[in-house]
Structures are given as C-alpha cells and as structure tokens.
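Commentary on secondary and tertiary structure
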Amino acid sequence: MGAGHRSILIAGAGATGLAAAVELARRGFRPRIIDSDAGPVPLTESRALGINARTLTLLSPSRVADTILQEGHRIDRFRVRSGGKGLFEIDPSKIGGRFPAIQALAQGHTERLLLGKLSDYEVEPEWQTVLESVSGTMDKPHVTLRRADGSREELDPDILIGADGAHSAVRKAAGFDFPGDALEESFHLADYRYPQPIDAHYVEISLFNPGMVGRIPVSRDTVRYISTLPDFESHIEHPVPGGELVWAANFRIHFRHVERMSKGNVFLAGDAAHIHSPAGARGMNLGIEDACWLAYLISEGREQDYSGLRMPAVKMVLKQTYGLTRLVTMHHPVATGLRNFFAPLLIRIPGITRRILRSVAGYDTPPPVWIDDAQ
Ligand SMILES: Cc1cc2nc3c(=O)[nH]c(=O)nc-3n(C[C@H](O)[C@H](O)[C@H](O)COP(=O)(O)OP(=O)(O)OC[C@H]3O[C@@H](n4cnc5c(N)ncnc54)[C@H](O)[C@@H]3O)c2cc1C
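First, a word on what this report is: a plain description of the structure on this page. (Residues numbered from 1 in each chain as written. Predicted model: local features only at pLDDT ≥ 70, side-chain atom pairs only at ≥ 80, totals over all residues. Heavy atoms only, no water.)

1. Some thoughts on the packing of helix H1 (residues 15–26) against helix H6 (residues 283–299)
At a minimum axis separation of 8 Å, H1 and H6 run at an interaxial angle of 30°. When the axes of H1 and H6 are compared, the pair comes out roughly parallel. As H1 packs across H6, the resulting crossing turns out to be right-handed. Residue-level contacts link Ala15, Thr16, Ala19, Ala20, Glu23 and Leu24 of H1 to Met284, Gly287, Ile288, Ala291, Cys292, Ala295 and Ile298 of H6. (Axes fitted to C-alpha atoms, helices over the stretch in contact; angles between N-to-C directions. Helix = DSSP H or I, 4+ residues; strand = E, 2+ residues; numbered from the N terminus. Parallel < 35°, antiparallel > 145°, perpendicular 65-115°, else oblique. Left-handed = near helix turned anticlockwise from the far one by under 90°. Contact = heavy atoms within 4.5 Å.)

2. Some thoughts on helix H4 (residues 107–120)
In a regular helix each residue adds 1.5 Å, so 14 residues correspond to 20 Å; H4 covers 20 Å between its end C-alpha atoms and thus fits that length. The complete set of buried residues in H4 reads Gln107, Gly108, Thr110, Glu111, Leu113, Leu114, Leu115, Lys117 and Leu118. Of the residues trailing H4, glutamate 122 is marked for its positive phi of about 60°. (Expected span 1.5 Å × (residues − 1). Buried < 20%, exposed > 50% of the residue type's maximum accessible area, 1.4 Å probe, protein only.)

3. A word on the side chain of glutamate 303
With respect to the helices, strands and loops of the structure, glutamate 303 is situated in the loop between H6 and helix H7 (306–329). Looking at glutamate 303, its side chain comes within polar contact range of the side chain of arginine 6, at 2.7 Å. Leave out the neighbours within four places in its chain, and glutamate 303 touches Arg6, Ile159, Asn265, Phe267, Leu297 and Ile298. (Polar contact = N/O pair within 3.5 Å; in protein donor to acceptor, adjacent residues only side chain to side chain.)

4. Quick look at the layout of surface pockets
Space inside the second largest pocket adds up to approximately 290 Å³. Taken together, 18 residues form the lining of the second largest pocket, with Arg81, Glu204, Ser206, His235 and Glu237 sitting closest to its centre. Secondary structure elements with two or more residues in the lining of the second largest pocket: strand E5 (77–82), strand E13 (202–207) and strand E14 (212–219). A per-element tally of the lining of the second largest pocket places E13 first, with four residues. (1 Å grid on protein atoms, 1.4 Å probe; cavity = no way out; pocket = protein on both sides within 12 Å on 5 of 7 lines; lining within 4 Å. Points joined across faces, edges and corners; volume = space filled by probe spheres on them.)

5. Some thoughts on the site of the ligand
With respect to spatial proximity, 28 residues lie near the ligand, and among them Thr16, Asp35, Gln107, Leu131 and Asp271 are the closest. One of the side-chain N or O atoms of aspartate 37 is found 3.5 Å from an oxygen atom in the ligand. Leucine 131 has a polar backbone atom sitting 2.9 Å from a nitrogen atom of the ligand. In the complex, the protein chains occlude 83% of the 990 Å² of accessible area that the ligand would expose alone. Elements with a minimum of two residues in the shell around the ligand: H1, strand E8 (129–136), strand E16 (244–257) and H6. Element by element, the count of residues in the shell around the ligand is highest for E8, at three residues. (Near = heavy atom within 4 Å. Areas by Shrake-Rupley, 256 points an atom, 1.4 Å probe, with all protein chains shown as cover.)

6. Details of the environment of aspartate 221
Secondary-structure assignment places aspartate 221 in the loop between E14 and strand E15 (222–227). On the accessibility criterion, aspartate 221 (27% relative accessible area) is partly exposed. Put simply, aspartate 221 and glutamine 196 are 25 residues apart on the chain and 6.2 Å apart in space, counted from C-alpha to C-alpha. When sequence neighbours within four positions are dropped, the list of residues in contact with aspartate 221 reads Tyr192, Arg193, Tyr194, Gln196 and Ile198. Engagement of the side chain of aspartate 221 in a polar contact is seen with the side chain of serine 219, the distance being 3.1 Å.

7. Considerations on the nonpolar core
Membership of the largest hydrophobic core comes to 92 residues, with the highest contact counts inside it found for Ile10 and Leu131. The element best represented in this core is H6, accounting for eleven residues. In this structure, Ala190, Ile198, Ala200 and Ile236 belong to the second largest nonpolar core, which totals twelve residues. (Core = buried A, V, L, I, M, F, W, Y, C linked by side-chain atoms within 4.5 Å.)

8. Overview of the environment of glutamate 153
Mapping glutamate 153 onto the fold places it in strand E10 (residues 152–155). In the structure, glutamate 153 is positioned 24 residues away from threonine 129 in sequence and 9.8 Å away in space, judged by C-alpha atoms. Once you skip the residues sitting within four places of it in the chain, glutamate 153 turns out to touch Arg32, Val143, Thr144, Leu145 and Arg147. At 2.4 Å, the side chain of glutamate 153 and the side chain of arginine 147 are in polar contact.

9. Remarks on the packing of aromatic side chains
As enumerated under the stated definition, the model contains eight aromatic pairs in all. When the ring of phenylalanine 267 is compared with that of tyrosine 306, the centres are 6.0 Å apart and the planes differ by 70°; the resulting orientation is edge-to-face. Of this pair, phenylalanine 267 sits in strand E18 (residues 266–268) while tyrosine 306 sits in helix H7, placing them 39 residues apart in sequence. For the pair phenylalanine 267 and tyrosine 306, one class covers both residues: buried. By way of ring pairs, the aromatic residues Tyr192, Tyr194 and Tyr225 are connected into one cluster. The residue whose ring lies beneath arginine 215 is tyrosine 202, and the NZ or CZ to ring-centre distance is 3.9 Å. Above the face of the phenylalanine 176 ring, lysine 263 is positioned so that its terminal group lies 5.0 Å from the ring centre. (Phe/Tyr/Trp six-rings, centres within 6.5 Å; stacked < 30°, edge-to-face > 60°. Lys NZ or Arg CZ within 6 Å of the ring centre and 35° of its normal.)

See below:
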C-alpha cells in the first residue's frame, strides 16, 4: 500500500490543521479534516497577526506564501519606548533572505488562504463535526465523531492528528499530560478600526512602570493594542481620531507543553501540544511548522521521528517567549530601571540584534530539509 493511501483524520481546521491538510494534499494524500465550529475564525477576531519568514518558507511550495505576501503588510520597524521616549528601534529587513522577517496578516485571512488552497486539492473541512472520543489502542485509534444533527460516525484512521487547539479533545482522550503554569497577569487586547489608512508597517512596545502597551497593525486601517494594564485604553495614542473598537478580549497566559507530541499513530500539533504568550508572535507560526514537518515525515513514512524532531524546537520557543514576556511585564522599579538602561546598549551589539531578528523570523528552529534555499 502506497503512503498516499493511508487514511488520515485531522481534528481541528484552525491554522495548524489547515496547514497539515494542505501539505498532505500537496503530497498526494486525501486527509479528512473536521472542525466543531461552523467555519474559520471570524475576520474581526484577528488573534495571531504575525507570519514569520520560516512560515512563509514552509508555505512556499504550496504557493500560499505568495498570497500571504500579497495580502499582508511587511513589518519594517520595531520600536520600543519608555516614559514617552524612544529606547531603541530595530529594522527587521537586516535579516536578509528570501522573505521578510515578519508579515502582518490577521489569522482569519491566513486561514481563508489555506482553505482556498485546500479546495484546489478538492479537500473541504467538515464543519460542525466534533471529535467526541478516541478509544482503542494508540497504534490503531478508534474515533467517534458527532455532527450538528446529532448523528455519529465511528472510524479507525491509520493516523489521527490532533490540531484541535488548547483544550484538545485528542490530547485529553489519548491521555497526554499538559504540564505548565499560568502567569498571574491577565492580558487585554483591543482592535480599533480607523476611518482612514494608518501606517501598517511598524510595531511599537510602550513600557510603563509597571505594564506595557503593544501596538501591532492588523490591516491598512486597523490596529491591535495589547496590554497587561486593565485601564490601558487611556494610554493609547490613536493615530487618527474616530477609531471604532471592533474586537476586544481578555485572557490569561499559560505556558504549557506536552512531553511527547505523539503516542502510536496519534499526533499532536499546534496549540494542542503547546501554548504560550503572544510575545514574539510565535504561537500560530510554531503550529504551522509542526504541521508541515508532520506532513513531510508522514510522506516519508518517518512519522515516528516527529516528536523527537519537534520537541527541542517547542521547548526552545517556549523558554524564549517566557523570557520575553517576563521582560515586558516586570514590576519592580529597580528591575525596570535596569532593563531600560541596558536594553538600548545591548541592542547596539550586532550579534544580539541578529539573534533577535533570527528569532522574529523563526530561523532559530531547524530549517525544513525538504525545501532548498530554506533560509
Ligand atoms: C485572544 C487571542 C489572541 C491571540 N493572539 C496571538 C498573537 O498575537 N500571536 C500569535 O502567534 N498567537 C496568538 N494567539 C494564539 C493563536 O491564535 C494560536 O496559537 C493559533 O490559533 C493556534 O492554531 P491551532 O490551529 O493550533 O489552534 P486553534 O486556532 O485553536 O484551532 C483549533 C481548531 O480545533 C477546533 N476544535 C476544537 N475542539 C475540537 C473537537 N473536539 N473536534 C473538532 N474540532 C475541534 C476548533 O474549533 C478550532 O477551529 C492568540 C490567541 C487568542 C485566543
């Protein structure tokens, strides 16, 4: 039996599940992909905004990268300010290479581009279909699905991919632990749409004592403000008057990951396997990277290597994101004073700027071996 004839069920049609489906379909498989929701994330709930160069590289064979480049906005400046004064600025184009270090595009758009590509391969997600349970052995999982009309379907896929997000039913049913902690702080975000175009090419972090407000472009007329301060809207410097709040959310940040990303023929990818803060914009990118590696390894008949190959990258990104989150959320006046004094000095050291940019671009994880010119 050829590899392409193995039956594959993907639970979850978020960015991770869709990327897995596109990459599998591109390689000649016909995966089934199900999702409990009625469709992709609404366009106003932008969630993940940053698509890094590694993701663009991974999505280049399917040409999804081309459409992301057309629809998104290249970030060409990172500014950090404190007390109203500029601390330092970084130019991401210094990373060089085939793709911009980071491109801004709302998650709902990215998911729609992946969906469009998937339909070129004649694979459509089965919406309003819930993975209810996983039983049997992990080598031959037995899955029960439930549809919106209450009907059930039982199936025994050769491979089950849990790309069903932070509360993953696959992870729970298959008995994976998900150890980690939650930060004490809550994060607050607000997306404002303005009546005229705004500068969609820069990201700015304003540090307060304590707290921070981040400004990230969502599109040509919409900006995301994200903060640890409940009253952060009073700190926003709107680029033009007349902004309208189009989406707001509050969330607590967890740092958790599984210890292994597979058991038998059950594989976890994306938020189902690891969750962390949005600092560094790695969440969705890491999930897409998992998905592309898993599709490649399945096509090579080497899927049992997946966990061993991905876990070091996941642990490294979580550690780095934790450090970055701590840096922007620190409270103690001595610590914030030291950070504000040393950061502009350290940033002038070329090796440090390069390390930061490699991380922004996602180039600090192993390059995809199946793509020439991956960096
Ligand atoms: C408010 C908010 C803001 C965020 N901001 C950022 C950001 O700025 N940058 C960043 O990188 N990341 C951010 N993230 C995280 C980012 O959105 C996730 O990392 C990304 O969505 C992970 O994609 P995923 O496909 O793995 O999981 P998800 O997007 O969660 O997709 C999982 C899918 O599985 C489906 N599903 C769940 N259970 C079942 C089931 N039992 N059966 C069938 N289907 C099921 C869900 O309906 C969903 O469509 C944010 C998240 C939130 C909530």
